[in-house]
Amino acid sequence: MTNSWTDIKNTDLVWIMGGNAAEAHPCGFKWVTEAKAERGAKLMVVDPRFNRSAAVADHYAPIRPGSDIAFLSGVVNYLLTNDKIHHEYVRHYTNAAYIVRDDFEFNEGLFSGYDEEKRSYDRSTWEYVMGPDGFAVRDMTLKDPRCVFQLMKKHFEIYTPEMVERVSGTPKDKFLKVAEWAASTANGERAMTIMYALGWTQHSSGAQNIRTAAMIQLLCGNIGIPGGGVNALRGHSNVQGITDVGTLTAAIPGYLALPTDKEPTLEAHLAKRTFKPLQPNQTSYWQNYPKFYVSFLKSYFGAKATKENNFGYDWLPKVDVAYDALRMFDVMHQGKTTGMLCQGFNPLMSIAYSGKTVAALSKLKFLVSMDPIETDTVRFWENHGEFNDVDTASIQTEVFMLPVTSFAEEEGSFTNSSRCIQWKWPAADPYFESRKDIDILSDLFVRIRKLYETEGGTGKDPLMAIDWSYENPLEPQPDELLRELNGKALADVTDAEGNVIRRAGEQLAGFGEMRDDGSTDGSMWIYTGVYGPKGNFAQRRDNDDPSGLGVFGNWGFSWPANRRIQYNRASADPQGKPWSEAKKYMYWDGQRWTGPDVPDYVATIPPEQATGPFIMNAEGVSRLWVRGLMADGPFPAHYEPFESPVKNPIFPAIRGNPAARVFNNDMEIFGDSSEFSIVATTYRLTEHFHFWTKNVHTNAVLQPEAIVEMSEQLAKEKGIAMGQLVRIWSNRGEVKAKAVVTKRLVPLQVDGKTVHTIGLPLHFGFIGETKKASPINSLTPPVGDANSQTPEFKAFLVDIEPVSGPVA
Amino acid sequence: MNMDLSRRAFLKGASVGVAGTTLGAFGFGGVEAAYAASVKPFRLTTTKEARSSCPYCAVCCGMMIFSAESKAEAGKMEVTHIEGDVDNPVNRGTLCPKGAAAIDYIKSKTRVKYPMYRKPGTNTFERVTWDFAMERIAKLMKEDRDANFIETNNDGVPVNRWPTMAFLSGSSVTNETGWLTYKVSRGLGMLQIENQARI
Ligand code: SF4
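Residues numbered from 1 in each chain as written. Chains lettered and ligands numbered in written order. Predicted model: local features only at pLDDT ≥ 70, side-chain atom pairs only at ≥ 80, totals over all residues. Heavy atoms only, no water.

Caption draft 1: Here's a closer look at the overall build of chain A. Along chain A, the regular secondary structure elements total 21 helices and 31 strands. Relative to its length of 808 residues, chain A is compact, with a C-alpha radius of gyration of 27 Å against a globular reference of 28 Å. Each principal axis of the C-alpha distribution contributes one length, and for chain A these read about 80 × 70 × 55 Å. The buried share of chain A, taken over its 808 residues, is 66%. In the structure as shown, chain A presents an accessible area of about 26,900 Å², 50% of it carried by carbon and sulfur atoms. (Helix = DSSP H or I, 4+ residues; strand = E, 2+ residues; numbered from the N terminus. Rg over C-alpha atoms; globule rule 2.2 N^0.38 Å. Buried < 20%, exposed > 50% of the residue type's maximum accessible area, 1.4 Å probe, protein only. Areas by Shrake-Rupley, 256 points an atom, 1.4 Å probe, with all protein chains shown as cover.)

Caption draft 2: How the structure looks around the interface of chain A and chain B. On the chain B side, the residues contacting the 171 residues of chain A number 121 residues. In this assembly, chain A packs against chain B so that about 13,300 Å² is buried in total across both faces, 62% of it on carbon and sulfur atoms. Together, Phe-407, Phe-432 and Arg-541 of chain A form the three largest contributors to the area buried by chain A at its contact with chain B, with a combined 6%. If you look at where chain A meets chain B, you find twelve salt bridges. Among the salt bridges present, the one from Asp-85 of chain B reaches Arg-541 of chain A, with a minimum N-O distance of 2.7 Å. (Contact = heavy atoms within 4.5 Å. Buried area = accessible area lost by both parts, 1.4 Å probe. Salt bridge = Lys/Arg side-chain N within 4 Å of Asp/Glu carboxyl O.)

Caption draft 3: A look at the sheet that holds strand β3 (residues 59-62) of chain A. All names here are of chain A. The sheet built from five strands is open, its strands ordered β3-β2-β1-β8-β9 with parallel pairing. Of all strands in the sheet, those bounded by a partner on one side alone are β3 and β9 (230-232). Taking each pair of neighbouring strands and ignoring which way they run, the sheet shows an average axis angle of 20°. Sheet topology note: the strand β8 (residues 192-196)/β9 ladder contains three bridges and is parallel. Within β9, the residue paired with Tyr-196 across the bridge is Ala-232. The strands that helix α4 (residues 68-81) touches are β1 (13-17) and β2 (42-47); relative to β1, the one it contacts most, it runs at about 155°. (Pairing = 2+ DSSP bridges. Axes fitted to C-alpha atoms, helices over the stretch in contact; angles between N-to-C directions.)

Caption draft 4: Fine view of the packing of aromatic side chains. Residue and element names in this part refer to chain A. If you walk through the whole model with that rule in mind, you get 53 aromatic pairs over all chains. Here the aromatic rings of Phe-111 and Tyr-121 are separated by 6.1 Å at their centres, their planes lie at 70°, and the arrangement is edge-to-face. Taken together, the positions of Phe-111 in strand β5 (residues 110-111) and Tyr-121 in strand β7 (residues 120-121) put the pair ten residues apart, joining distant regions of the chain. Per residue, the accessibility class of Phe-111 equals that of Tyr-121, and both read buried. Members of the aromatic cluster, each reached through a chain of ring pairs, are Phe-104, Phe-106, Phe-111, Tyr-114, Tyr-121, Trp-126, Phe-156, Tyr-159, Trp-625, Phe-635 and Phe-651. In this arrangement the basic side chain of Arg-727 is found over the ring face of Trp-729, its NZ or CZ atom lying 4.0 Å from the centre. (Phe/Tyr/Trp six-rings, centres within 6.5 Å; stacked < 30°, edge-to-face > 60°. Lys NZ or Arg CZ within 6 Å of the ring centre and 35° of its normal.)

Caption draft 5: Geometry of the site of the ligand. Residues in contact with the ligand, as listed here, are Pro-26 and Cys-27 of chain A together with Cys-54, Tyr-56, Cys-57, Cys-60, Cys-61, Leu-95, Cys-96, Lys-98 and Gly-99 of chain B. The site occupied by the ligand is bordered by residues of chains A and B. (Near = heavy atom within 4 Å.)

Caption draft 6: Fine view of the environment of Ile-707 of chain A. Here Ile-707 of chain A lies in strand β25 (residues 707-711). Leaving out residues up to four positions away in the same chain, Ile-707 of chain A has contacts with Ala-737, Lys-738, Val-740, Gly-759, Leu-760, Pro-761 and Phe-764 of chain A.

Put into C-alpha cells, the structure is as follows:
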C-alpha cells in the first residue's frame, strides 16, 4: 500500500476493482465503512461478480474477467478528453512534459522493437530525448507532439466508452459513472483511494493493470495525499515482509539485486544501478545503492567481507536464469531438479496446471515439507481416487514431513500491507515435537557446513563465508535477527563535516547513516530504524493519533523511515502549501517540511529548489511513461487473456500479451473458444484462507465443499439445478463442484457475443476436513504476467455440464 | 505501555469490584460468601495472555491469545482462547471468521506432531526422530550440491550457484524467519527460491 488501512478513513471515494475487500480483508474493509459513515464517502465496485463489496457499494459496474486494461484505459481517455485532470500536479509531479525519442512507435498493438521469436522487446526506442547538458529534454507547456502528455492523448483515444462496452461488456452508462466519479477527485480537494488485490495481478497483463490504475491516480493528483493512493491489499499475513526480505530468485533484501553473469565485478554491478538524476537538483535516491549493497554484504559475510575482496561479492551466486514458480515447476517437470524444501507452501494446490505439478513432484529425489499442518503436497504420492489419481508404487520420491510450530508458538515481527512492522509475542509452547522454522533451518545449515568441514566438497568457500555468529548458532533469536536486518556501525560514522553521528557498535537509527566503505552493516536498508539505538520499535504499542488522520506514528514502525504515506511531499503544491485545507498533510513551514507524518523528502530542501516529490526516481517525478522499465510496453495496451472467448477487438492480430512467456512457445496448452466458450475466474471466500482452513474445523463446517457460481441464464442453458454436482473442464484438467445458481453473475455482451462467466472458489483439496475435491488449479494455464510471471488464474476458458445424481 | 496493564490484572480487579460492591450493596451478607465460593474463577483469570497477530491475511489483525497448562502435554502451555486485540489501531478488537476460528487451526486434526518419513515407492509415512530426518536431509543435500554446484561459468567468472535444489519460502513466517531462510537458501547457492508474493 502507498497509504495505510487506517488512512482509508480520510477518503472521499473508494474504488475497489481487482479485489473484494469486504470478503477477503473484512477487518481492513471496516475503514471503508468508516469513511462512508463519517465522511459521506462513496464506494464504487467494478467486478465480474456482484460481490460482498458490491453489496454495500453506491455504484456497481460488471466487467468481463481479463478486460481491466480496456476499462481503465477508458477512464484515462475520459480524463484526458474531458480535461478532468489535476493540471498542476500532472505538470510538476509527473513526466508528462518529457520528450520521447523520435523512433518510438505503436502500431497494431505492438510497440517498436518487438522480436516475435523471442516474444520480447528491444526497449531502446522507449527512452527520453537527452539534451546536451546530460539531462532529459522537457516541454513544460505539454504541447510538443512528442511529449509524454501528447503521446498519451493519442495512445488512449481509442478507448472510448463505446469501445469499453464492446471489450469489457460493461454497459456504457455504468462505465461512465465510474469515470465521472473518479474525475470528481481531480482537484486537490477530494481524494480517491484505489484498492486492489490478486484480481488485478493474476493476469498475463497484471502489472500493467496496476500501472494503469496508478496513471489514473496521477492524473487526478491522488498519490501522496491522505485518503489517496494505489493500495494493494495483499494475501498472506507477512507477504509484505517476505517480499521485502526477498526470498525470491534474483533478489537481495530491500529490493536490491543479485548479480548476473554479465556483472563480473562489484563495480560493474553497482554502476548499472546507481542512477544519476535526469534533471538538475533531483534526489535520485538510488544513487545510494552502493551504501545499501555494501552494508548488506558486510552483514551477510561479516568480518570476511573486506575492501580487498570487494566485500565478498564473488561468493554471491550469480543469476543466469530467473526461476519464478512457473519456471521452477517447468524445470522440475523436465527432471532437472533433485530436491525441494516447502516451507508453509502447498504448491500442488497453488501452482497453475496441477496435472503438471504432480508429475513434476514425482520426479524429485526428495521433498521436505516444513509446516504446522499436513498439506496436499506432502501427500502428493498418495492415491486419492479421482482427486489425486497417482501410482504410488512408481513414485520414488523420499518425503519428509517436519512439524513446525504454529503462529501462536513463536515470536517475531510481521509487516502488514500498510508496511507497518509489528511484533508478536509467543503465547504457548511448541506443540508436541514441533520446532521453529529458525531452529530447523539453523540445524540443517550447521550440519551441512560440518559435513563440508570434515569431508570438503564443491563450493565450500562461499558456504563457509556466510556469517553465522549468533549467540547460539543452533537457535538464533528473533531479537538478534531483527537487529541484524537493521544494521549497526562497525566503526564511528561521521557526517560531511566530520562529526561523529554514530559510534562504533551502535545500532543505526536510519539508512541515511549507511556507508559504502564497510564501516556499517545491515541486511535490509529499508528496515533500518526499526531496531535503532533506542530499541525494538516493532514492539511499540502507543495507539495515540494526535492528528486524528489515522497516522499512529508510534505504533510499530512503518518502512521506510517510519513513513505512513509514501510520496507525501506531493500533498503540497510546488510552493509547499497544501493543495487545500481539506487535504492538508505535509507542508513547508518556512524552515522545513512538517506535518503529522515523516516527510518523504529531505526535510530541509526548500520548495524553490524544485526538487521533485518522487525522490526514488531519477526524474524526481512520477512516470506516466515508464521508459524501458516494463517488459510489455511504456504504456499499457489491451491484450486478451491467453484463453479468451473473443479475438482481441482492438488489435485482432494479437493473441495474449505479446511479451508474456509461453514455455517452448507451446500454444497447444491453451484451449480455444470454439471448444471452451465459458470464462472462469477463481477467488477466495471469507470463511477460508487459501488451502489452510480446510484443515480447520470451524471453517470446514462453515464452507464444507467445492462450489461453482453461475448465472441463472447459464444454468438454464446447461440444464443445471441449484445444488447439483457439475463437471468443469479446461484444456488441462477437470474438477467437480456443487452449483450455486445466482443473480450475482450475469452474462455480458462482448463484441457482439454473449459471454458467460463462472466463479470458482479455490480452497478445496483432498487433505483436511472439507469434502475431497480436485485442486482448482487443475484447470488453470501455466502462463504468467510479462513482468512478474504471476499466473493467469483470473481469466481462462472452461466448459461445464451437470453430473447426474441426487441434487443436494 | 499498554501491555504493562495486562488484561488479566484488569479483570481480576473488576471481578473483585463486583463481589465487593454490587452484591454487598444489596445486603446479602453470608449468602454473598457462599455464592462467591460457588462461582468458578473466571477462566481468563487463570490464563496467561500474549499479544499476537492473525496468521492469515495481510490486515495482520492484532490478537490476544490466552493460554493455560496443556491437557494433552504435561508441563506445557497450550492456547485456550483467542480474541481480537482491542488496542490494535487497525482491527480494534475485531476478527473475521478466519481469525476468530484460529484456535482450531492450532488444534487441527491434521496438525503434524512428529517428524514423519516416506520411503521411495511406499504407501505410508513412518515416525522418525528429528536426528534421523535432519541427518538424512543434510546428506541428500550435500550429495547433490557436490554433484551439481557450479563454481565458475564458461568465461571463468565465479557464479557459485546450485541449480538443482529448490526452496519454496512461506509468506506467513516472521521477518526474522524470512531473513534466516534467505541466509540458508542463498548461502547454499540456490537460485530456485520463490515465495507467495508472485502467486
Ligand atoms: S482476522 Fe481476518 S481480516 Fe483479520 S488478519 Fe485475520 S484473516 Fe485477515
